[in-house]
Protein chains: 2
Amino acid sequence: MATLKDLEVSPEGTQVPLADVIDQLKFNNDGLIPAIAQDHDSGAVLMLAWMDRHAIQRTLAEGQVVYYSRSRQTYWRKGETSGHFQDLVSMHFDCDGDTILLRVHQTGAACHTHRPTCFYLAVDNQSVSVELPK
Amino acid sequence: MATLKDLEVSPEGTQVPLADVIDQLKFNNDGLIPAIAQDHDSGAVLMLAWMDRHAIQRTLAEGQVVYYSRSRQTYWRKGETSGHFQDLVSMHFDCDGDTILLRVHQTGAACHTHRPTCFYLAVDNQSVSVELPK
């Protein structure tokens, strides 16, 4: 079985079974891995949430992003209450298998504050500023 | 003191002291928070690493990104061994204070495999493919 280390030096186009790679992902003690959602069209980083193995598999099978909610301890299809679904365009793992990048078509606002991205608090040496209108 | 909840509904341009917001960040049990690095020019998501309070302050003060290495348990100025520094363009916190977004000018490759991004493993329902040339 190819390890992530093997894939580091494998030629472009090398393909291995998903199950082999999922077994090598570095889930934390709660069985979770961070997943970054990026808007496919604008490139904006929208949010970060968490997935377990089943959320990864559901997202791939269903084509809409399903996270695992740490606060509610349950699966959470993004948009299931807000209508602001994330249609999956692509999923990538990183080199050492500890982060997921999701490129998505975002319906409506990604943020629960109705801003397009959750990252609206601009930080400098002294202060934090609210950057996007509510 | 303004809480993150207050800032959710504050008008654009509202400014609060950095120290007040850092006290509200949701550091994990190891005192760390995930930080996403995004290339300012291309919009590519480059990598995810971790920061503690001091790494945040050092990054802002020094203008180059400093992470906290979980494996080596020490501060790590990205590029200090590779020369592949990340010059900070902007830092943002997200709505609930549990993730940082760094926009950077990346010198050289962000990934230790010398690929421009760490997210070169494309995932589908069945398989994982190496997407970028080594």
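Residues numbered from 1 in each chain as written. Chains lettered and ligands numbered in written order. Predicted model: local features only at pLDDT ≥ 70, side-chain atom pairs only at ≥ 80, totals over all residues. Heavy atoms only, no water.

Q: What should I look at first to understand the overall build of chain A in this one?
A: When its secondary structure is counted, chain A shows three helices and nine strands. Each helix (α) and strand (β) of chain A, taken in turn from the N terminus, gives the series α-β-α-β-β-α-β-β-β-β-β-β. For chain A, the residues scored as buried account for 54% of the 134 residues in total. Here the contacts in chain A between residues at least 6 apart in sequence split such that 37% fall between residues at least 24 apart. Looking at chain A as shown, the accessible area adds up to about 5900 Å², and 48% of this sits on carbon and sulfur atoms. Taking the average location of the 11 positive side-chain charges in chain A and that of its 17 negative ones, the two points are 8 Å from each other. (Helix = DSSP H or I, 4+ residues; strand = E, 2+ residues; numbered from the N terminus. Buried < 20%, exposed > 50% of the residue type's maximum accessible area, 1.4 Å probe, protein only. Contact = heavy atoms within 4.5 Å. Areas by Shrake-Rupley, 256 points an atom, 1.4 Å probe, with all protein chains shown as cover. Lys, Arg positive; Asp, Glu negative; His and termini not counted. Charge placed at Lys NZ, Arg CZ, Asp CG, Glu CD.)

Q: I'm lost on the packing of aromatic side chains in this one. Help?
A: What characterises a pair of aromatic rings is the spacing of the ring centres plus the angle enclosed by the ring planes. All names here are of chain A. A complete count under the given rule lists four aromatic pairs over all chains for this structure. Here Y67 and W76 contribute two aromatic rings whose centre-to-centre distance is 5.1 Å and whose plane-to-plane angle is 40°, an arrangement assigned as tilted. Each member of the pair, Y67 as well as W76, carries the same accessibility label: buried. Ring plane angle 80° and centroid distance 5.3 Å describe the contact between Y68 and Y75, whose orientation is recorded as edge-to-face. On the accessibility criterion, Y68 (19% relative accessible area) is buried. Here Y75 falls in the partly exposed class, since its relative accessible area comes to 27%. Directly above the aromatic system of Y120 lies the positively charged group of R115, at a separation of 3.8 Å from the ring centroid. (Phe/Tyr/Trp six-rings, centres within 6.5 Å; stacked < 30°, edge-to-face > 60°. Lys NZ or Arg CZ within 6 Å of the ring centre and 35° of its normal.)

Q: Just to check I follow, could you spell out the sheet that holds strand β3 (residues 45-51) of chain B for this structure?
A: Within a beta sheet, neighbouring strands are joined by backbone hydrogen bonds and run either parallel or antiparallel to one another. Strand order in the open sheet made by the seven strands is β1(B)-β9(A)-β8(A)-β6(B)-β7(B)-β2(B)-β3(B), with mixed pairing throughout. In the strand order of this sheet, the two ends are held by β1 (15-17) and β3 of chain B, each with one partner. For this sheet the average axis-to-axis angle between neighbouring strands, irrespective of direction, equals 30°. In this structure, strand β2 (residues 33-39) of chain B lies alongside strand β7 (residues 100-106) of chain B, joined through five bridges in parallel fashion. Bridging across to β7(B), I36(B) finds its partner in L101(B). (Pairing = 2+ DSSP bridges. Axes fitted to C-alpha atoms, helices over the stretch in contact; angles between N-to-C directions.)

Q: Before we go on, may I ask you to explain the relation of the copies chain B and chain A in this structure?
A: Both copies of the chain are related through a single rotation about an axis accompanied by a shift along the same axis. Rotating chain B by 180° about the axis while translating it 0.0 Å along that axis superimposes it on chain A, leaving an RMSD of 0.0 Å. Considering both components of the superposition, the chain copies are consistent with a two-fold axis. When C-alpha positions in chain B are compared against the rotation axis, the closest is assigned to G43(B), at 2.8 Å. In this assembly, 100% of the residues forming the interface of chain B have copies in chain A that are likewise at the interface, indicating an isologous arrangement. (Least-squares fit on C-alpha atoms with pLDDT ≥ 70 in both.)

Q: I tried to follow the nonpolar core on my own but got confused; where do I start?
A: One broad trend across soluble globular proteins is that nonpolar side chains are buried collectively. M51(A), Y67(A), F93(A), M51(B), I56(B) and F93(B) are the most contacted members of the largest nonpolar core, which totals 67 residues. What I56(B) contacts, discounting residues up to four positions off in sequence, is I22(B), L25(B), F27(B), I33(B), M51(B), M91(B), F93(B) and I100(B). In this structure, L48(A), L48(B), W50(B) and F119(B) belong to the second largest nonpolar core, which totals 16 residues. (Core = buried A, V, L, I, M, F, W, Y, C linked by side-chain atoms within 4.5 Å.)

Q: Just to check I follow, could you spell out the pattern of salt bridges for this structure?
A: Oppositely charged side chains may form a pair once their charged atoms are brought near each other. What the rule picks out here adds up to ten salt bridges over all chains. For R70(B), the salt bridge goes to D98(A), with nearest N and O atoms at 3.4 Å. A residue pair is termed interchain when its members come from two chains, as with R70(B) in the loop between β4 (66-69) and β5 (74-77) and D98(A) in the loop between β6 (86-93) and β7 (100-106). Of the residues examined, R70(B) reaches a relative accessible area of 42% and is grouped as partly exposed. Accessibility expressed as a relative area gives 13% for D98(A), which makes it buried. E62(B) is the partner of R77(B) in a salt bridge, and the nearest nitrogen-oxygen pair spans 2.4 Å. One end of the pair, R77(B), is in strand β5; the other, E62(B), is in helix α3 (residues 53-62), and 15 residues separate them in sequence. Accessibility expressed as a relative area gives 36% for E62(B), which makes it partly exposed. Here the salt bridges do not stand alone but share partners, grouping R58(A), E62(A) and R77(A) into one network. (Salt bridge = Lys/Arg side-chain N within 4 Å of Asp/Glu carboxyl O.)

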